[in-house]
Amino acid sequence: MGKVHVFDHPLISEKLTLMRNADTSSQNFRHLLKEVSMLMGYEVTRNFETKLVTVQTPICKGSFTILKEDFFTIVPILRAGLGMVDGLLELMPFAHVGHIGLYRDENTRQPIEYYYKMPEDFESSVIIVVDPMLATGGSAVDAISSLKSRGCKNIRLMNLIAAPEGVQFVQDHHPDVDIYVAAVDEKLNENAYIVPGLGDAGDRIFGTK
Ligand code: PRP
Ligand code: URA
């Protein structure tokens, strides 16, 4: 079973609290999301494999650590996942970015895929799927299934807020995928929004409502 890593860090908690506040502007919301993504990225990348290389310092030769893999793909689920990309790219400027466009049908609440574009040969890369909200889990499960159907094996999921239902749904369908999340909230409401949550992440990032 994939692990659920819930962050317990005062800086992340404070920024998340500011984001939950309905009075926070889109400009501040975007900035906070970028900062939290960078802080979370530090932990999401913690178990990346490393290898030793020989380096000549100005003083002597030594054996030092670098990343073993050199191909990483950040995959935002459009739209809201875009808000988490820049923070991760600050940490991993060498990473590639693929995009999956999904939206939830307002009646059926099922995710509909409308866009898919990945870097060449990305299947063997280490993949971080990002989306601020893990509500029913339908979008994340679909995005991960879509990646697996193309041969991807090394996938982790990074969300800002999850509902317990969403965590369970991902674990049921993709038990090999670790989930990294800043908070697991109480529940979903009748519209499948996370309670207390922060509202519609896409709208808050892009100021569309
Ligand atoms: C939101 C959010 C997730 C999805 C989560 O996107 O960014 O992708 O809902 O819900 P789920 O876990 O129940 O699938 P939305 O469909 O509102 O699209 P948007 O990002 O374009 O606003
Ligand atoms: N999507 C969002 O943007 N927010 C929620 O609370 C649930 C789904």
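Everything here concerns the structure above.
Just so we're clear, the structure is a prediction, and the values are computed from it rather than from any experiment. (Residues numbered from 1 in each chain as written. Chains lettered and ligands numbered in written order. Predicted model: local features only at pLDDT ≥ 70, side-chain atom pairs only at ≥ 80, totals over all residues. Heavy atoms only, no water.)

1. Here we look at the site of ligand 1
Surveying the vicinity of ligand 1 reveals 15 residues, the closest of which are Arg104, Asp131, Thr136, Gly137 and Ser139. In this structure, Arg79 approaches ligand 1 through a side-chain N or O atom, which is 2.9 Å from an oxygen atom. Residue Ala80 places a main-chain N or O atom 3.1 Å away from an oxygen atom belonging to ligand 1. Computed on the free molecule, ligand 1 has an accessible area of 500 Å², of which 90% lies beneath the protein chains in the complex. (Near = heavy atom within 4 Å. Polar contact = N/O pair within 3.5 Å; in protein donor to acceptor, adjacent residues only side chain to side chain. Areas by Shrake-Rupley, 256 points an atom, 1.4 Å probe, with all protein chains shown as cover.)

2. What to know about the environment of Arg20
You can see Arg20 is positioned in helix H1 (residues 10-20). A relative accessible area of 24% means that Arg20 is categorised as partly exposed. Each C-alpha atom, one on Arg20 and one on Gly98, is 28 Å from the other, the two residues being 78 residues apart in sequence. For Arg20, the contacting residues outside a window of four places in its chain are Ile161, Ala183, Asp185, Pro196, Gly197, Leu198 and Arg204. Side-chain polar atoms of Arg20 contact the side chain of Asp185, separated by 2.8 Å. (Helix = DSSP H or I, 4+ residues; strand = E, 2+ residues; numbered from the N terminus. Buried < 20%, exposed > 50% of the residue type's maximum accessible area, 1.4 Å probe, protein only. Contact = heavy atoms within 4.5 Å.)

3. Focus on the side chain of Ser37
Looking at the element boundaries, Ser37 is found in helix H2 (residues 26-44). The contact partners of Ser37, leaving out residues within four places of it in the chain, are Gly83, Met84, Gly87, Leu88 and Met158.

4. Focus on the side chain of His174
Here His174 lies in the loop between helix H5 (164-173) and strand S11 (178-184). At 3.2 Å, the side chain of His174 forms a polar contact with the side chain of Ser145.

5. Comments concerning the site of ligand 2
All residues in the neighbourhood of ligand 2 are listed as Arg104, Met133, Ala135, Ala192, Tyr193, Ile194, Gly199, Asp200 and Ala201. Gly199 is positioned with one of its backbone polar atoms (N or O) 2.8 Å from a nitrogen atom of ligand 2. In this structure, an oxygen atom belonging to ligand 2 sits 2.8 Å away from a main-chain N or O atom of Ala201. Here ligand 2, which alone exposes 240 Å², has 89% of that area covered by the protein.

6. Structural notes on the pairing of S11
Taken across its 7 residues, S11 has 6 buried, putting it largely inside the fold. Strand direction decides the pairing type here: strand S1 (residues 4-6) and S11, joined by 3 bridges, are parallel. The residue of S11 that forms the bridge with Val6 is Val181. By the bridge criterion, 6 bridges tie strand S10 (residues 155-162) to S11 in an arrangement that is parallel. (Pairing = 2+ DSSP bridges.)

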